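Each chain, written out:
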Amino acid sequence: MLLIVLELIGLAVFAASGAVAAVRARLDVFGVIILALTTALGGGIIRDVLLGVHPPTSLRHWPYLLVAGGTGLIVFWFHPHVAKLRRSVLLLDAVGLGLFVTSGTSTALSLGATPYAACLIGMTTGIGGGALRDLLLREIPLVLRREIYAVAALCGAVVVAVGEWAGLPKGLVSLTGAVMIITIRLIALWRKWNAPVARGLEG
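In this text the structure is predicted, and so the values were computed from the model without any measurement.

What counts and how
Along each chain, the written sequence defines residue order, and numbers are assigned to residues from 1. Side-chain atom pairs in this predicted model are given and counted only at pLDDT of 80 or more, local residue features only at pLDDT of at least 70, and totals for whole chains, interfaces and linings cover all residues. The basis for the side-chain values is all heavy atoms of the structure; hydrogens and waters are excluded. Geometry of aromatic contacts follows a simple scheme: Phe, Tyr and Trp rings, the Trp one being its six-membered ring, pair when their centres are within 6.5 Å, and the pair is stacked under 30 degrees between planes, edge-to-face over 60, tilted otherwise. Comment: elements are numbered from the N terminus, with helices defined as DSSP H or I runs of at least four residues and strands as E runs of at least two. When accessible area is computed with a 1.4 Å probe and restricted to protein chains, residues below 20% of their type maximum are described as buried, those above 50% as exposed, and intermediate ones as partly exposed.

Student: What should I look at first to understand the packing of aromatic side chains in this one?
Tutor: Per the counting criterion, the structure on display carries 2 aromatic pairs. An angle of 75° between the planes, with centres 5.0 Å apart, marks the rings of Phe-14 and Phe-100 as edge-to-face. Of this pair, Phe-14 sits in helix H1 (residues 2-24) while Phe-100 sits in helix H5 (residues 86-110), and the two are 86 residues apart along the sequence. The exposure class of Phe-100 is buried, given its relative accessible area of 6%.

What follows is the structure, encoded as structure tokens:
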């Protein structure tokens with residue numbers, strides 16, 4: 001039950017980030033809800049499609065849709081107040097990323113994916129929704145140009161894959177991977193770390 005609650009909290013935070021981006025882009029209420037759903041559920045849907053799970057899990061269980069869509073509506077109506085909670089949202093976003101990546105990696109492994117594929121699928125579970133959000137807004141995905149986000153996700157996924165391959169307890173492995181992701185993300189935000197870019201570019 002605790003994991004389900006944490007997963008729904010992660011969904012709400014991801015949905016809020018999508019809705020805030022939609023509000024800033026001046027989309028209407030329908031657009032805000034679509035961006036919220038896409039950001040919250042996109043990564044999980046991509047994971048299930050890659051693993052051959054049909055229909056995707058998030059489309060078979062109404063709480064996922066309700067939480068994501070409801071969060072989008074709340075942000076639409078109360079976005080000035082949500083904007084003031086930026087630090088709290090970033091913290092919860094890091095927690096959501098850790099939970100989504102580790103659960104995505106574990107799910108891929110349990111369905112027969114190789115460790116290599118499971119790592120990539122787990123990372124995609126965490127970052128896929130945000131990438132789809134940015135593409136819908138005609139922007140280069142944030143995870144490809146700023147902050148240590150995708151790298152943190154991949155590190156956590158590798159921890160899960162290696163731990164399960166070594167036969168360690170799944171709960172301990174998932175917790176360790178999630179803590180690693182959260183820690184890297186928070187330190188990156190605190191220290192304003194970014195992945196290196198090519199030097200010598202004009203403009």
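Student: I would appreciate a short explanation of unusual backbone geometry in the present structure.
Tutor: Glycine aside, negative phi is the norm for most residues, and most peptide bonds take the trans geometry. Backbone torsion omega between His-54 and Pro-55 reads -10°, so that peptide bond is classified as cis. Counting through the fold element by element, Pro-55 comes out in the loop between helix H2 (29-51) and helix H3 (57-60). Backbone geometry places Arg-138, a non-glycine residue, at a positive phi of 60°. Relative to the assigned elements, Arg-138 resides in the loop between helix H6 (115-136) and helix H7 (150-165). For Arg-138, a relative accessible area of 79% puts it in the exposed group. We note that Lys-192 has phi near 60°; this positive angle belongs to a residue other than glycine. Within the fold, Lys-192 resides in the segment after helix H8 (170-191).

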